[in-house]
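# Examination of the molecular architecture
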Amino acid sequence: MPKRKKKEIEEEIGFVTTLSVPSEGSVGLTGSWRIFIPVLDEGRCNKCLLCWIYCPEACITKDIVINYDYCKGCGICAEECPSKAIAMRKEEKNETG
Ligand code: SF4
Ligand code: SF4
């Protein structure tokens, strides 16, 4: 197929731009080696978002939902939580999928 010049396309549709939408990738998936998982006690959580800020894997949402597919079980979120709303617990085999 002949390559069309950018100018031709711009004349036809008005503009040319790239569109990049971020999405989850397979590179950061944790696999089966994790030993501990963070467990949230919603009743204690004051939504300060410190866990969201400090999680090195960016796997906690602003609604304080932990994505266990990417969580490495490092425990930083539990360390940083001022309300002790996150406890680290040994993960049972295949517990989180
Ligand atoms: S244990 Fe580590 S990787 Fe998992 S949610 Fe907490 S800070 Fe993020
Ligand atoms: S750090 Fe603790 S209190 Fe703050 S949002 Fe996270 S779980 Fe809730």
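The structure contained in this document is the topic of the report that follows.

### Some thoughts on the overall build of the protein
- Looking only at helices and strands, one finds 3 helices and 2 strands in the protein.
- In the protein, the order of α-helices and β-strands from amino to carboxyl end is α-β-α-α-β.
- Looking at the protein as a whole, 21% of its 97 residues are labelled buried.
- Long-range pairs, those at least 24 residues apart, make up 67% of the contacts in the protein between residues at least 6 apart in sequence.
- With the model as given, the accessible surface of the protein reaches about 7700 Å², and the carbon-plus-sulfur share is 55%.

### A word on a nonpolar patch on the surface
- A surface patch of nonpolar side chains, about 370 Å² in accessible area, is lined by W52, I53, Y54 and I76.
- Here the nonpolar patch gets 3 residues from one element, more than from any other, and that element is helix α2 (residues 50-54).
- Considering the arrangement of structural elements, one finds I76 in helix α3 (residues 76-80).

### Considerations on the site of ligand 1
- The immediate surroundings of ligand 1 are formed by 13 residues, with C55, C71, C74, G75 and C77 found nearest.
- Taken together, the residues of the shell around ligand 1 sort by class into 9 nonpolar, 2 polar and 2 charged.

### Focus on the environment of R89
- The topology assignment puts R89 in strand β2 (residues 86-90).
- Taking the relative accessible area as the measure of exposure, R89 reaches 35% and is therefore partly exposed.
- Along the backbone, R89 and P38 are 51 residues apart, and their C-alpha atoms lie at a distance of 6.4 Å.
- For R89, the residues in contact, after removing those within four places along its chain, are I35, F36, I37, V39 and E95.

### So, the nonpolar core
- If you look at the biggest cluster of nonpolar residues, it comprises 11 residues: C51, C55, C59, I60, I64, I66, Y70, C71, C77, A78 and I86.
- Look past the residues within four positions of C77 in its chain and what remains in contact with it is P38, C51, I60 and I86.

Cut-offs applied
- Residues numbered from 1 in each chain as written.
- Chains lettered and ligands numbered in written order.
- Predicted model: local features only at pLDDT ≥ 70, side-chain atom pairs only at ≥ 80, totals over all residues.
- Heavy atoms only, no water.
- Helix = DSSP H or I, 4+ residues; strand = E, 2+ residues; numbered from the N terminus.
- Buried < 20%, exposed > 50% of the residue type's maximum accessible area, 1.4 Å probe, protein only.
- Contact = heavy atoms within 4.5 Å.
- Areas by Shrake-Rupley, 256 points an atom, 1.4 Å probe, with all protein chains shown as cover.
- Patch = residues over 30% accessible without salt bridge, like charges linked within 9 Å, V, L, I, M, F, W, Y side chains within 5 Å.
- Salt bridge = Lys/Arg side-chain N within 4 Å of Asp/Glu carboxyl O.
- Near = heavy atom within 4 Å.
- Nonpolar A, V, L, I, M, F, W, Y, C, P; charged D, E, K, R; others polar.
- Core = buried A, V, L, I, M, F, W, Y, C linked by side-chain atoms within 4.5 Å.

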